[in-house]
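Fold and geometry: a report
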Amino acid sequence: MAKVGIIGGSGFTGAELLRLLAAHPGIEVVAVTGDTQAGAQVADLYPSLRGAYGDLTYLPYAPEMVEGLDLLFCGLPHGASQAMMPDLLDRVAHVVDLAADFRLASAGDYPTWYGEAHTAPELLSRFAYGLPELHRDEIVARGHVAVPGCYPTAAILALWPLVHAGLVDTTGIIVDAASGVSGAGRAPKPTNAFCAVDEDFVAYGVGGHRHTPEMEQQLGATVLFTPHLAPMNRGILATCYARPAHGAAVSTESLRQAVADAWADEPFVVPVAEPPHTKATLGANTAQVNAVFDDRTGHVIAMAAIDNLTKGASGGAVQCANLLLGLDETMGLPTVGMMP
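These remarks concern the structure in this document. Quantities reported herein were computed from a predicted structural model and do not represent experimental measurements.

The rules behind the values
- Residues numbered from 1 in each chain as written.
- Predicted model: local features only at pLDDT ≥ 70, side-chain atom pairs only at ≥ 80, totals over all residues.
- Heavy atoms only, no water.
- Helix = DSSP H or I, 4+ residues; strand = E, 2+ residues; numbered from the N terminus.
- Rg over C-alpha atoms; globule rule 2.2 N^0.38 Å.
- Buried < 20%, exposed > 50% of the residue type's maximum accessible area, 1.4 Å probe, protein only.
- Contact = heavy atoms within 4.5 Å.
- Lys, Arg positive; Asp, Glu negative; His and termini not counted.
- Charge placed at Lys NZ, Arg CZ, Asp CG, Glu CD.
- Pairing = 2+ DSSP bridges.
- Axes fitted to C-alpha atoms, helices over the stretch in contact; angles between N-to-C directions.

Moving on, we come to the overall build of the chain. Secondary structure assignment for the chain yields ten helices and 13 strands. Computed over its C-alpha atoms, the radius of gyration of the chain comes to 19 Å, within 12% of the 20 Å expected for a compact globule of 340 residues. The principal-axis extent of the C-alpha atoms belonging to the chain is close to 60 × 45 × 40 Å. Buried positions account for 52% of the 340 residues belonging to the chain. Here the analysis covers contacts within the chain between residues at least 6 apart in sequence; of these, 70% occur between residues at least 24 apart. Between the centroid of the 17 positive side chains of the chain and the centroid of its 35 negative side chains there is a distance of 3 Å.

Here it is in structure tokens:
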């Protein structure tokens, strides 16, 4: 049984990690921190976890607590893990970081997209981008993982087969995506209060959302990304638009064949014949993807639905942890969503 810890386990991604790991036959959670919740019981903050973690208490972080662990999950806000990693990487064999601190390959991109210089640029190359569908071997080889953002996970899974097959032009791709409110985190804000989000639908981060460089880095394309906040708890639907590549024979059939070929052996990517539903992926580590060609306008439309907290965050993190620990990649991860 692998022993793992969670730093920053009091947010929504931490709660989702705990939910998934409670049913994992090969992993035991031995410590979880939450500095703002230190001393509180996990079950008091998240009653849904009481059946598995009735006695588990949030601890304040101390570096020595990670020693002896087989793997450490980090669920801290952006910027926090940069300061910790130089010490952490000498204390634990594997780190799976859910923040954006080590997702971008170039330290020079951080001031542009995150407004500040990276404080540990020498460590960027030690982290693999944690999308196993594209980087399985690299994840195992590097030993540490930067889990992708939730929006990039959906957009990349929708678009990568079409880019890889040479079917779409890699300039001017448009990603139009909507996320549930849990993507904004657990901390209360005026913009995510019930009365603010109920019966509302709004774009944000227009023209410069920080998930854009992840998409461009992984797709090798220029991307115009606009996220939206939808009045639902969980889920992401990404609708992506591209033009056919010059000379490519593009049809709905060729697009769907490329998607089917790319993800044929992937346990967590399901090609579907109809536009995917976010609720079909609720609580599952599954992405449902679809692609069509609009003959009238000459546009390619690629779609993906995921649960932003599962495949888009904590489920993807567990998938990577399974690889790092030499376990079956699917262990402890649900593939079936909850409906109704």
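On we go from here.
Spatially, seven strands are ordered 8-9-7-10-13-12-11 in an open sheet, and the strand pairing comes out mixed. In the strand order of this sheet, the two ends are held by strand 8 (202–203) and strand 11 (269–271), each with one partner. Summarising the sheet, strand 10 (residues 236–242) and strand 13 (residues 299–306) pair through seven bridges and their orientation is antiparallel. Paired with Cys 240 across the strands is Ala 302, a residue of strand 13.

The next point concerns unusual backbone geometry. For the peptide bond that leads from Met 339 to Pro 340, omega is 0°, which places it in the cis range. Positive phi outside glycine occurs at Glu 199, with the angle close to 60°. Among the structural elements, Glu 199 can be located in the loop between helix 7 (194–197) and strand 8. Using a relative accessible area of 75% as the deciding quantity, one classes Glu 199 as exposed.

Looking now at the sheet that holds strand 1 (residues 2–7). The sheet built from six strands is open, its strands ordered 2-1-3-4-6-5 with parallel pairing. The sheet terminates laterally at strand 2 (27–32) and strand 5 (127–129), the two strands that pair on one side only. Taken over all neighbouring pairs, the strand axes of this sheet differ in orientation by 25° on average, direction set aside. Pairing between strand 3 (residues 71–74) and strand 4 (residues 95–97): three bridges, direction parallel.

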